[in-house]
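# Structural overview
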Amino acid sequence: QSEKEGEDTVLTYRQFWEDIPLFNCQVQMNYTGNVLVAMTGGRRLTGVPEEIVSTKQISVATALMRFYNGVKELGDACTRIEEIRQGYIVTSAITEPIPMIPVWQVVTDTCTYQLDTLTGQLSRVP
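All values reported here derive from a predicted model rather than from experimental measurement. (Residues numbered from 1 in each chain as written. Predicted model: local features only at pLDDT ≥ 70, side-chain atom pairs only at ≥ 80, totals over all residues. Heavy atoms only, no water.)

### Structural notes on the environment of N30
With respect to the secondary-structure elements, N30 resides in strand 3 (residues 20-32). Residues N30 and V106, 76 residues apart in the sequence, show an inter-C-alpha distance of 26 Å. Other than its neighbours up to four places away in sequence, N30 contacts T9, V10, V35, L36, V37, A38 and T40. (Helix = DSSP H or I, 4+ residues; strand = E, 2+ residues; numbered from the N terminus. Contact = heavy atoms within 4.5 Å.)

Written as structure tokens, this is what we have:
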């Protein structure tokens, strides 16, 4: 992903696992002109992930209801969903394997949210 504002450019590189994005495994490279001035983020998945089959994801209908109720609980408002992206977030762990949580990234007309599809927990994406 590339964002340009005047002489400043921000390039965002995100890691994928089996063609599915890992939303919090990314690095942002900030350029002024052709000069790299900063790198932020820098998290990546290491090792070989293994699927955990013991936990079942919530249904699509339940996920949509959790999204709706979560937006209300956060005190937010939106009038439409523009996009839903399936992906994972990688949680910190001291030991292997590192848990990968399946999530929906829901882009609305006002904000981007992340919905944990195991628990139904909703949070804003900064």
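Having seen the structure, we can now continue with the description.
### What to know about the packing of aromatic side chains
Here the structure, examined in full by the defined rule, presents 2 aromatic pairs. Ring centres of W17 and Y88 lie 5.7 Å apart, and the angle between their planes is 75°; this geometry places the pair in the edge-to-face category. Placement of the pair is W17 in strand 2 (residues 8-17) and Y88 in strand 5 (residues 81-90), with a sequence separation of 71 residues. Here W17 matches Y88 in class, with each residue buried. When the centroid spacing of 5.6 Å and the interplanar angle of 80° are considered together, the rings of F67 and Y113 count as edge-to-face. Of this pair, F67 sits in helix 1 (residues 60-73) while Y113 sits in strand 7 (residues 112-116), and the two are 46 residues apart along the sequence. Residue F67 shares its accessibility class with Y113, and that shared class is buried. (Phe/Tyr/Trp six-rings, centres within 6.5 Å; stacked < 30°, edge-to-face > 60°. Buried < 20%, exposed > 50% of the residue type's maximum accessible area, 1.4 Å probe, protein only.)

### A few points about the pairing of strand 6 (residues 100-108)
Most of strand 6 sits inside the fold, with 9 of its 9 residues counted as buried. Of the two faces of strand 6, the one holding M100, P102, W104, V106 and T108 and the one holding I101, V103, Q105 and V107 are both buried throughout. Relative to strand 6, strand 5 runs antiparallel, the two sharing 9 bridges. The partner of R85 across the bridge, within strand 6, is Q105. Pairing of strand 6 with strand 7 involves 5 bridges; the strand directions are antiparallel. Paired with V106 across the strands is Y113, a residue of strand 7. (Pairing = 2+ DSSP bridges.)

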